Amino acid sequence: RLRETPEDISFEATANAIALHPTRPLLAAGDVDGDVYLYSYSCTEGENRQLWSSGHHLKSCRDVAFSQDGQKLFTVSKDKAIHVLTVEEGRLETRFPKAHSCALNCVLPIDNHIFATGDDGGGLKVWDLRKGDAILEARQQEEYISAMAVDGNGKILLTASGDGTLGVFNVKRRRFDLLSEPQNGDLTSVALLKRGRKVACGSSEGTIYLFNWDGFGAASDRFALRAESVDCMVPITDSIVCVGSLDGVIRAVNILPNRVLGCVGQHLGEPIEQLAVAPGGQLLASCAHDQKVKFWDVSALRGLVVDDYRKKKKKGGPLRALSSKAAGSGEDFFADLRDEAELAAAGPGEDGDSDSD
């Protein structure tokens, strides 16, 4: 029987991190016990399969990422180690045992040889697999590196940090460029939008900060969601991101004009750890503290056009359900979710409807 989305995948421990393969229906997950799994997923009922698992990490696996060619899987852990596994068999190909002096938190492949890692102490390293060593080391931020993004040329690397700053590094020249001024709360996530002209950062305060590509020193705009936090964020289109929050709700948000479009799905009352988008942008995967990976159909988001005109909406209404599974948890859950089309902070420079390009 065909389903709209693959069935949930359940784990014995909480999955901290997930990644979807760039070309094939494969999902990698890392859990709090340090185990890494590879699954094939399918919209045919009963067809999700565990392909292999790896228990090489001694402590919690914090992040997983596929190489751009899809042949390798990078994993980083609280045990300070980086592992590079083959996707086909899950064989450990390269290991950097004491890669950082602090527990590792995130990993980002930049091309097929170069990748970046960030740690709990604000340390960043950029590695070259051909050399087997780091080619850039920096500690410019004071708190953990929560997320990283790189431009399309693999030249400019952005790091979001728990100290509220966005770090800018030049990978090609192997140097630190600048830090943004600190925002309120931890910066938890970073995404490139508007064909690379805008950068969005989520924060633990539930605000999305926007930066112009050529103006990283200060945020150009901010958009306060009525959400407890923005813990993770992935771009779906050039203007729409999906964000996961402590309240277990996955919201679709349009950037410039700034609107909360509705709810894509939810892990009831369980904080969402990470989101990942499948190739083609039709499917979104999420992992949360309920020890499940869930899949959501986000294909409808690709056709949404958000204009500048804001309709007056009734305050206190439910979030609009954007997928058939989003509304499946009953009315009571959504009854206390505010209609977020109105901005929480409406002041000059915060309205968010002015595109400053």
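An unreviewed UniProt entry lists the chain under the name WD repeat-containing protein 55, with Pampusana beccarii as the source organism. We quote the UniProt Sequence similarities (unreviewed entry) comment for the chain here in full: "Belongs to the WD repeat WDR55 family."

Asks: For the overall build of the chain, give the residues involved together with the corresponding values.
Replies: Counting its regular elements, the chain contains one helix and 28 strands. Within the chain, buried positions represent 57% of all 357 residues. Of the accessible surface of the chain, which amounts to about 14700 Å², a share of 45% is contributed by carbon and sulfur atoms.

Asks: Give me the lowdown on the nonpolar core, citing residues and values where you can.
Replies: With 20 residues, the main nonpolar core has Ile-208, Leu-225, Met-233, Val-241, Val-243, Val-253 and Ile-255 as its most contacted residues. Listed by contribution, the elements that provide at least two residues to this core are strand 18 (187-193), strand 20 (207-212), strand 23 (240-244), strand 24 (249-254) and strand 25 (259-266).

Asks: How would you sum up the packing of aromatic side chains? Please name residues and give values.
Replies: A complete count under the given rule lists ten aromatic pairs for this structure. For the ring pair Phe-96 and Phe-115, a centre distance of 6.3 Å and an interplane angle of 45° mean the geometry is tilted. Separated by 19 residues along the polypeptide, Phe-96 in strand 9 (residues 92-96) and Phe-115 in strand 11 (residues 114-119) bring together distant segments of the chain. Judged by its relative accessible area of 0%, Phe-115 falls in the buried class. Judged by centre distance (6.2 Å) and plane angle (10°), the ring pair of Phe-115 and Trp-127 falls under stacked. Here Phe-115, found in strand 11, pairs with Trp-127, found in strand 12 (residues 124-128); they are twelve residues apart in sequence, far enough to count as distant.

Asks: Before we move on, can you summarise the pairing of strand 20 with the specific residues and values?
Replies: Judged by how many residues are buried, strand 20 sits mostly within the fold: six of six residues are covered. Bridging between strand 20 and strand 21 (residues 221-224) involves four bridges; their strand directions are antiparallel. Along strand 21, the bridge assignment pairs Thr-207 with Ala-224.

Asks: A description of the pattern of salt bridges should follow, citing residues and the corresponding values.
Replies: Going through the model one piece at a time under the given rule, you end up with eleven salt bridges. The shortest N-O distance in the salt bridge between Asp-128 and Arg-130 comes to 3.1 Å. Between Arg-195 and Asp-238 there is a salt bridge, with its nearest N and O atoms 3.6 Å apart. Of the two residues, Arg-195 is situated in the loop between strand 18 and strand 19 (198-203) and Asp-238 in the loop between strand 22 (232-235) and strand 23; the sequence distance between them amounts to 43 residues. On the basis of relative accessible area, Asp-238 is assigned to the partly exposed category, the value being 32%.

Asks: Which residues make up the sheet that holds strand 23, and what values do they have?
Replies: One open sheet holds the four strands; their spatial order is 22-23-24-25, and the pairing between them is antiparallel. The sheet is open, and its two edges are formed by strand 22 and strand 25, each paired on a single side. For this sheet, the mean angle separating the axes of adjacent strands, direction not counted, is 25°. In terms of strand pairing, strand 23 meets strand 24 through five bridges, oriented antiparallel. Within strand 24, the position partnered with Val-243 by the bridge is Arg-251.

Asks: Describe unusual backbone geometry, listing the residues and the values that go with them.
Replies: Looking along the chain, the bond that leaves Leu-256 and enters Pro-257 is cis, with omega of 0°. With respect to the helices and strands, Pro-257 occurs in the loop between strand 24 and strand 25. The phi dihedral of Arg-174 falls on the positive side, at around 55°, and the residue is not glycine. With respect to the helices, strands and loops of the structure, Arg-174 is situated in the loop between strand 16 (166-170) and strand 17 (175-179). Unlike most non-glycine residues, Lys-194 shows phi in positive territory, near 50°. Its place among the elements puts Lys-194 in the loop between strand 18 and strand 19. A residue is classified by how much of its surface remains accessible, and Lys-194, at 10% relative accessible area, is buried.

Asks: Please set out the confidence of the model for the chain residue by residue, giving values where relevant.
Replies: When pLDDT is averaged across the chain, the result is 90; 89% of the residues are at 70 or more. Every residue in residues 328-357 is under pLDDT 50, and counting partners more than four places away or in other chains gives 75 contacts.

Thresholds applied
- Residues numbered from 1 in each chain as written.
- Predicted model: local features only at pLDDT ≥ 70, side-chain atom pairs only at ≥ 80, totals over all residues.
- Heavy atoms only, no water.
- UniProt positions renumbered as here; feature names shortened; annotations may be inferred.
- Helix = DSSP H or I, 4+ residues; strand = E, 2+ residues; numbered from the N terminus.
- Buried < 20%, exposed > 50% of the residue type's maximum accessible area, 1.4 Å probe, protein only.
- Areas by Shrake-Rupley, 256 points an atom, 1.4 Å probe, with all protein chains shown as cover.
- Core = buried A, V, L, I, M, F, W, Y, C linked by side-chain atoms within 4.5 Å.
- Phe/Tyr/Trp six-rings, centres within 6.5 Å; stacked < 30°, edge-to-face > 60°.
- Pairing = 2+ DSSP bridges.
- Salt bridge = Lys/Arg side-chain N within 4 Å of Asp/Glu carboxyl O.
- Axes fitted to C-alpha atoms, helices over the stretch in contact; angles between N-to-C directions.
- pLDDT = per-residue confidence, 0-100.
- Contact = heavy atoms within 4.5 Å.

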